[in-house]
Amino acid sequence: MNNSEASSSTDPLLEVDVVAVRFGGITALDGVSFDAPRGTIVGLIGPNGAGKTTLFNCLSRLYIPNSGDIRFDGRSILSKTPHEMVNMGVGRTFQNLALFSTMSVLDNIMVGAHSRSSSGFLSNALWLPWVQSEDARVRENAWELIKYLDLMDVAYATVGDLPFGTQKRVELGRALASKPKLLLLDEPAGGLNHDEVEDLGRMIRQIRDDRGVTILLVEHHMSLVMSVSDTVVVVNFGRKIGEGTPQEVQQNPEVIRAYLGEEE
Ligand code: ATP
């Protein structure tokens with residue numbers, strides 16, 4: 001599609017187009033293509049070292065593909081900075097939490113919204129009226145998310161003092177505060193117990209349904225991926241080896257072979 005054309009609401013939100021990434025002699029991604037249709041949850045799975053994190057890092061512009069293209073809302077993102085990606089509507093969480101552990105839950109979530117704010121250093125320093133009204137909007141949005149994610153009881157608590165599962169919800173809140181159209185979740189179930197994973201699954205589906213957010217989920221927790229994803233993309237050794245509904249990929253012989261001996 002021509003980048004100057006407006007994207008239609010039926011076009012996929014994200015298009016990964018024959019992306020290849022090499023590190024010296026290692027081919028981490030070898031011509032991977034798939035789409036994420038708007039308002040859907042796409043699971044991205046594959047054995048260790050398959051290339052999932054590399055793809056995530058390309059999507060948040062931490063890595064530059066050697067070839068191929070990635071389009072978001074119809075436009076190539078390859079010339080964008082990581083900060084521009086947030087402004088365009090791409091939010092993410094990290095495998096290892098990336099929160100400010102000495103700050104409160106409220107402040108951490110507000111930081112997420114400020115990462116998208118348009119006020120400059122000088123107008124902030126002078127505390128101009130429009131900066132004040134933006135701050136009020138950011139605060140109101142943060143409280144809405146705190147209620148949405150059931151964090152009211154801990155809103156003023158220091159993040160580092162909270163249980164890991166609660167910290168993960170704070171990270172989700174921080175990513176949602178930038179009002180993303182696309183949310184990249186990097187192994188959100190890591191370190192969670194059974195009940196917490198069930199809650200997380202409900203929350204991921206709610207975020208899609210209530211907010212219309214498109215979600216790309218990298219996860220090793222198979223029952224979570226299979227229960228929440230609309231489609232699943234499977235990579236192995238940098239190549240896409242399967243794509244389809246959870247039922248389809250679970251019956252795909254190549255996927256079964258790749259996972260043989262990988263899962264308990
Ligand atoms: P895991 O499930 O274990 O997180 P993954 O599917 O996310 O694995 P990647 O981390 O993307 O896999 O790694 C894909 C391949 O690229 C691996 O062989 C890895 O060693 C290599 N790789 C990833 N990042 C780098 C880097 N910065 N420098 C060199 N090699 C890298």
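Sequence positions are assigned chain by chain, starting from 1 and proceeding in written order. Only residues with pLDDT of at least 70 are given local features in this predicted model, and only at 80 or more are side-chain atom pairs given and counted; all residues enter the totals for whole chains, interfaces and linings. Side-chain measures here rest on the full set of heavy atoms in the structure, leaving out hydrogens and waters.

*Asks:* Teacher, can you tell me more about the side chain of Ser229 here?
*Replies:* Helix and strand assignments follow DSSP, with helices taken as H or I runs no shorter than four residues and strands as E runs no shorter than two, numbered in order from the N terminus. Along the chain, Ser229 falls in the loop between helix 8 (222–228) and strand 9 (231–236). Pairs of N or O atoms are called polar contacts if they sit within 3.5 Å, as long as, within protein, a hydrogen donor faces a hydrogen acceptor (for residues adjacent in sequence, only side-chain-to-side-chain pairs). Within the structure, Ser229 has its side chain in polar contact with the backbone nitrogen of Gly43 (distance 3.5 Å). Of note is the side chain of Ser229, whose polar atom sits 2.8 Å from the backbone oxygen of Val225. Two residues form a contact once any of their heavy atoms are found within 4.5 Å. Setting aside its immediate chain neighbours within four residues, Ser229 contacts Ile41, Val42, Gly43, Leu217 and Pro246.

*Asks:* Can you help me understand the sheet that holds strand 8 (residues 214–218) in this one?
*Replies:* Each strand in a sheet pairs with another by means of backbone hydrogen bonds, the pair being arranged parallel or else antiparallel. Taken in spatial order, the six strands of this open sheet run 6-7-8-3-9-10, and their pairing is mixed. Looking at strand neighbours, the two that pair on one side only are strand 6 (90–92) and strand 10 (239–244), the edges of this open sheet. Averaged over all adjacent pairs, the angle separating strand axes in this sheet is 20°, with direction ignored. In the sheet, strand 3 (residues 41–45) pairs with strand 9 via four bridges, with the strands oriented parallel. Residue pairing for strand 9: Gly43 is matched across the bridge by Val232. Each of strand 3, strand 6, strand 7 (182–186), strand 8 and strand 9 touches helix 1 (residues 52–59); the most contacted strand, strand 7, lies at about 145° to it. For two strands to be treated as a pair, DSSP must find no fewer than two bridges joining them. Axis lines are fitted to C-alpha atoms, over the contacting stretch for helices. Their N-to-C directions set the angle, which ranges from 0 to 180 degrees.

*Asks:* Explain the packing of aromatic side chains to me, please; I cannot follow it from the model alone.
*Replies:* Aromatic ring pairs are reported here in terms of the distance separating the ring centres and the angle at which the planes meet. We call Phe, Tyr and Trp rings a pair once their centres come within 6.5 Å, taking the six-membered ring for Trp, and we label the pair stacked below 30 degrees between planes, edge-to-face above 60, and tilted otherwise. Within the structure shown, the criterion is met by two aromatic pairs. For the ring pair Phe23 and Tyr63, a centre distance of 5.3 Å and an interplane angle of 75° mean the geometry is edge-to-face. Of this pair, Phe23 sits in strand 1 (residues 14–23) while Tyr63 sits in the loop between helix 1 and strand 4 (67–72), placing them 40 residues apart in sequence. Judged by its relative accessible area of 36%, Phe23 is partly exposed. By relative accessible area, which is 30% here, Tyr63 ends up partly exposed. Throughout this description, buried means an accessible area under 20% of the type-specific maximum (1.4 Å probe, protein chains only), exposed means over 50%, and partly exposed covers the range between.

*Asks:* Hey, could you run me through the nonpolar core in this one?
*Replies:* One broad trend across soluble globular proteins is that nonpolar side chains are buried collectively. Among the buried residues, those of types Ala, Val, Leu, Ile, Met, Phe, Trp, Tyr and Cys that are joined through side-chain atoms within 4.5 Å form a nonpolar core. Membership of the largest hydrophobic core comes to 48 residues, with the highest contact counts inside it found for Val105, Ile109 and Leu183. Sequence-distant contacts of Leu183, defined by excluding residues within four places in its chain, comprise Gly91, Arg92, Leu172, Ala175, Leu176, Ile207, Val213, Thr214, Ile215 and Leu216. Counting residues in hydrophobic clusters, the runner-up holds 27 residues, among them Leu29, Leu59, Val90 and Leu216.

*Asks:* Explain the pattern of salt bridges here, please?
*Replies:* Close approach of charged atoms lets side chains of opposite charge pair. One side-chain nitrogen of Lys or Arg within 4 Å of one carboxyl oxygen of Asp or Glu is enough to make a salt bridge. This model, assessed by the stated rule, comprises twelve salt bridges. Across the pair Asp73 and Arg38 runs a salt bridge, and its minimum N-O distance is 2.9 Å. Separated by 35 residues along the polypeptide, Asp73 in the loop between strand 4 and strand 5 (75–76) and Arg38 in the loop between strand 2 (26–36) and strand 3 bring together distant segments of the chain. As a salt-bridge pair, Arg202 and Asp199 come within 2.5 Å of each other at their nearest N and O atoms. Here the residue Arg202 and the residue Asp199 both occupy positions in helix 7 (residues 194–211), the gap between them amounting to three residues, near one helical turn. Given a relative accessible area of 43%, Arg202 falls into the partly exposed group. One connected set of salt bridges, linked through shared partners, spans Glu15, Asp17, Asp69 and Arg71.

*Asks:* Sorry, what's going on with the confidence of the model for the chain here?
*Replies:* Predicted coordinates in areas of low pLDDT are best not read in detail. By definition, pLDDT measures how confident the predictor is in each residue, and it falls between 0 and 100. Overall, the predicted model of the chain reaches an average pLDDT of 88, with 87% of residues at or above 70. Within the model, the stretch residues 1–5 combines pLDDT values under 50 with ten contacts to residues more than four positions away or in other chains.

*Asks:* How should the site of the ligand be read in this particular structure?
*Replies:* For the ligand, the set of nearby residues contains 14 residues, the closest of which are Gly49, Lys52, Thr53, Thr54 and His220. Here an oxygen atom of the ligand sits 2.6 Å away from a polar atom, N or O, in the side chain of Thr54. Here His220 contributes a side-chain N or O atom positioned 2.8 Å from an oxygen atom of the ligand. In these tables, accessible area is a Shrake-Rupley quantity obtained with a 1.4 Å probe, and a residue counts as shielded only by the protein chains included in the view. Starting from 630 Å² of accessible surface for the ligand in isolation, the protein chains cover 65%. Listing elements by their share of the shell around the ligand, those giving two or more residues are strand 2 and helix 1. Considering each element in turn, the shell around the ligand owes the most residues, three residues, to helix 1. Grouping the constituent residues of the shell around the ligand by class yields six nonpolar, six polar and two charged. Throughout, the term near means that a residue has one or more heavy atoms lying within 4 Å of the molecule or strand in question. Nonpolar residues are Ala, Val, Leu, Ile, Met, Phe, Trp, Tyr, Cys and Pro. Charged residues are Asp, Glu, Lys and Arg, and all others, Gly as well, are polar.

*Asks:* How should I be thinking about helix 7 in this particular structure?
*Replies:* Given 3.6 residues to a turn, an α-helix orients residues that are three or four positions apart in the same direction. To estimate the expected span of a helix, count its residues, drop one, and scale the result by 1.5 Å. Here helix 7 spans 26 Å end to end across 18 residues, near enough to the 26 Å set by a 1.5 Å rise per residue. Listed in full, the buried residues belonging to helix 7 are Val197, Leu200, Gly201, Met203, Ile204, Ile207 and Arg208. What you see down the axis of helix 7 is that its buried residues fit within an arc of 165°, all on one side. Residues of helix 7 that are exposed and point over 90 degrees away from its buried face: Asp195 and Asp209. Near the N-terminus of helix 7, the side chain that reaches the backbone nitrogen of Asp195, with its oxygen 3.2 Å away, is that of Asn193. Positive backbone phi, at 65°, marks Gly212, one or two positions downstream of helix 7. Regarding the arc, it is the one traced by the directions from the helix axis to the C-beta atoms.

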